[in-house]
Amino acid sequence: MNALLKEIRHNPLLWLLVFVPAVFAGKALKPEAHTLLFALSVLAIVPLAALLSHATESVAAKTGDAVGGLLNATLGNLTELVIALTALHAGQYMLVKASIAGAIVTNTLFMLGGSFLLGGLKHHVQEFNRGSARMQAGLLFLATVALLIPSAVSGSDSTAGAAFIEELSVGLAVLLIVVYGLGMLFSLKTHRELFASAQAGEAGEAPWPVGLALATLAGVTVLVALVSEVFVESVQEAAVAFGMTPAFVGFIVVALVGAAAEMASAFSGARKNRLDLSVGIALGSASQIALFVAPVLVLLSYVIGPTPMTLQFWPGAVVMMFIATMTTTLVTNSGRSAWFVGVLVLAVYLVFATTLYLMPPRIQ
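All figures in this text were calculated on a predicted structure; none of them were measured in a lab. (Residues numbered from 1 in each chain as written. Predicted model: local features only at pLDDT ≥ 70, side-chain atom pairs only at ≥ 80, totals over all residues. Heavy atoms only, no water.)

**Q** Hey, could you run me through the overall build of the chain in this one?
**A** Helix and strand counts for the chain come out as 13 helices and two strands. The 364 residues of the chain split such that 52% are buried. Excluding contacts between residues fewer than 6 apart, the proportion of contacts in the chain whose partners are at least 24 apart in sequence is 86%. Carbon together with sulfur atoms contributes 70% to the accessible area of the chain, which is approximately 15,300 Å² in total. (Helix = DSSP H or I, 4+ residues; strand = E, 2+ residues; numbered from the N terminus. Buried < 20%, exposed > 50% of the residue type's maximum accessible area, 1.4 Å probe, protein only. Contact = heavy atoms within 4.5 Å. Areas by Shrake-Rupley, 256 points an atom, 1.4 Å probe, with all protein chains shown as cover.)

**Q** Hey, could you run me through the nonpolar core in this one?
**A** Formed by 104 residues in total, the largest nonpolar core has its most connected members in V105, F251, L297 and F313. For this core, the element with the highest residue contribution is helix α11 (residues 275-304), accounting for 14 residues. Once you skip the residues sitting within four places of it in the chain, F251 turns out to touch A98, A101, G102, V105, T106, W314, A317, M320 and L356. (Core = buried A, V, L, I, M, F, W, Y, C linked by side-chain atoms within 4.5 Å.)

**Q** It is not clear to me how the pattern of salt bridges should be interpreted in this structure. Could you clarify?
**A** Pairs can form between side chains of opposite charge whenever their charged atoms are close. Under the criterion given, the structure shown has one salt bridge. For R336, the salt bridge is made with E127, and the minimal N-O distance between the two is 3.0 Å. Of this pair, R336 sits in strand β2 (residues 336-337) while E127 is found in strand β1 (residues 126-127), placing the two residues 209 residues apart along the sequence. According to the relative accessible area criterion, R336 is partly exposed, its value standing at 43%. (Salt bridge = Lys/Arg side-chain N within 4 Å of Asp/Glu carboxyl O.)

**Q** Mind showing me how you'd approach helix α13 (residues 339-358) here?
**A** An ideal rise of 1.5 Å per residue puts 28 Å on 20 residues; α13 measures up with 28 Å between its terminal C-alpha atoms. Taken together, the buried positions of α13 are occupied by G342, V345, L346, Y349, F352, A353 and L356. Down the axis, α13 shows its buried residues gathered within 110 degrees of arc, on one side only. Among the exposed residues of α13, those oriented more than 90 degrees off its buried face are L350 and L358. (Expected span 1.5 Å × (residues − 1). Arc of directions from axis to C-beta.)

**Q** Where do I start with the packing of aromatic side chains in this structure?
**A** Given two aromatic rings, their pairing is described by the distance between the two centres and the angle made by the two planes. Under the counting rule described, the total for this entry stands at eight aromatic pairs. Residues W339 and F340 carry aromatic rings whose centres are separated by 5.8 Å and whose planes lie at 85 degrees to one another, so their mutual orientation is edge-to-face. The class for F340 is partly exposed, based on a relative accessible area of 46%. (Phe/Tyr/Trp six-rings, centres within 6.5 Å; stacked < 30°, edge-to-face > 60°.)

**Q** Looking at this structure, how should I read the packing of helix α5 (residues 93-122) against helix α12 (residues 315-332)?
**A** Angle between the axes and distance between the axes are the two parameters that describe a pair of packed helices. Contact geometry for α5 and α12: axes closest at 9 Å, N-to-C directions at 30 degrees. The pairing of α5 with α12 is recorded here as roughly parallel in orientation. Judged by the twist between their axes, the crossing of α5 over α12 is left-handed. Every residue of α12 that contacts α5 at A101, I104, V105, T108, L109, L112 and F116 is listed here: A317, M320, M321, A324, T327, T328, V331 and T332. Partitioning the contact of α5 with α12 into residue classes produces 11 nonpolar, four polar and no charged. (Axes fitted to C-alpha atoms, helices over the stretch in contact; angles between N-to-C directions. Parallel < 35°, antiparallel > 145°, perpendicular 65-115°, else oblique. Left-handed = near helix turned anticlockwise from the far one by under 90°. Nonpolar A, V, L, I, M, F, W, Y, C, P; charged D, E, K, R; others polar.)

**Q** I'm lost on a nonpolar patch on the surface in this one. Help?
**A** Among the surface-exposed residues, F141, V145, L148, I149, V319, F322, I323 and M326 lie close enough to one another that they form a single nonpolar patch of about 570 Å² accessible area. For the nonpolar patch, the secondary-structure elements that each account for two or more residues are α6 (130-156) and α12. With respect to the secondary-structure elements, F322 resides in helix α12. The exposure class assigned to F322 is partly exposed, which follows from its relative accessible area of 33%. (Patch = residues over 30% accessible without salt bridge, like charges linked within 9 Å, V, L, I, M, F, W, Y side chains within 5 Å.)

**Q** Sorry, what's going on with the side chain of N129 here?
**A** Note that N129 resides in the loop between β1 and α6. At 2.9 Å, the side chain of N129 and the backbone nitrogen of G131 are in polar contact. (Polar contact = N/O pair within 3.5 Å; in protein donor to acceptor, adjacent residues only side chain to side chain.)

Structure (structure tokens):
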């Protein structure tokens, strides 16, 4: 606990933790002040993300970057899962699908590109485990194909009714979950030697004790989820005040805020020349959302949703996810990175963001 308090005292960014109770107070006193709650929730998530970053790095120092990246991706995705479950229960399937697609694109392009750029600005050339990146890209490609098929079949075959799409979505959801589980078994158990870090990182501050790090991870993840729930309730009204479209909110804003904790860890790892951790977080989080979170939401929609949800996305989202997967495969194929590679990846993301801001797609 002394280590945690010392970190808060010496890191000005963590002073923003005062906005965490401010969010809950604002929610209780002025629930109709959506724009204020939106701003407070964003300010609260930033220091929580910094704490999550430090705790994850402490765990990764003991377990290795592969497990550390998986742990961070899993805990970071709890935020997206809570947001999606809240919207799922309310029947807002449009927001659920936009946040899923946006999270995949944000992690593969913005988070990965930002890590390459920030790490490259400090280190001339960085290396990472090419085999690990290839496997994650392969999992993403499989998930993209599974998400593309329902939309393609529905668009090309007029006889494909709603009942068929629902049955197909359930079958694909089960398949993706099984493949994700086998992928974890492959990378963490049977062939774990293939996923060792390619380059040692810089020596940094002494890591926290594992007990403190795990307790911080658990506590901060709960707070991030609670603050994110306030965020998603206020973001739609705040979007109108800021002139943002619903598609832009779900695909860009919700995805960025939901991934803030993971981004802090990924960017910090890249600056410390631990690019394996950054790549593991970015691609591991994206593949986990595509192969686990999205299928689980489809299955849970039969329990907590007003109607079953399918894996049928609007065409624009499928195209963006496919391009993001292909871009990831291209830039990670060599196992080396420099700052300009990050610029190129970020440019693809900005193309998507600009398009959604100016001309939102027709969401089915």
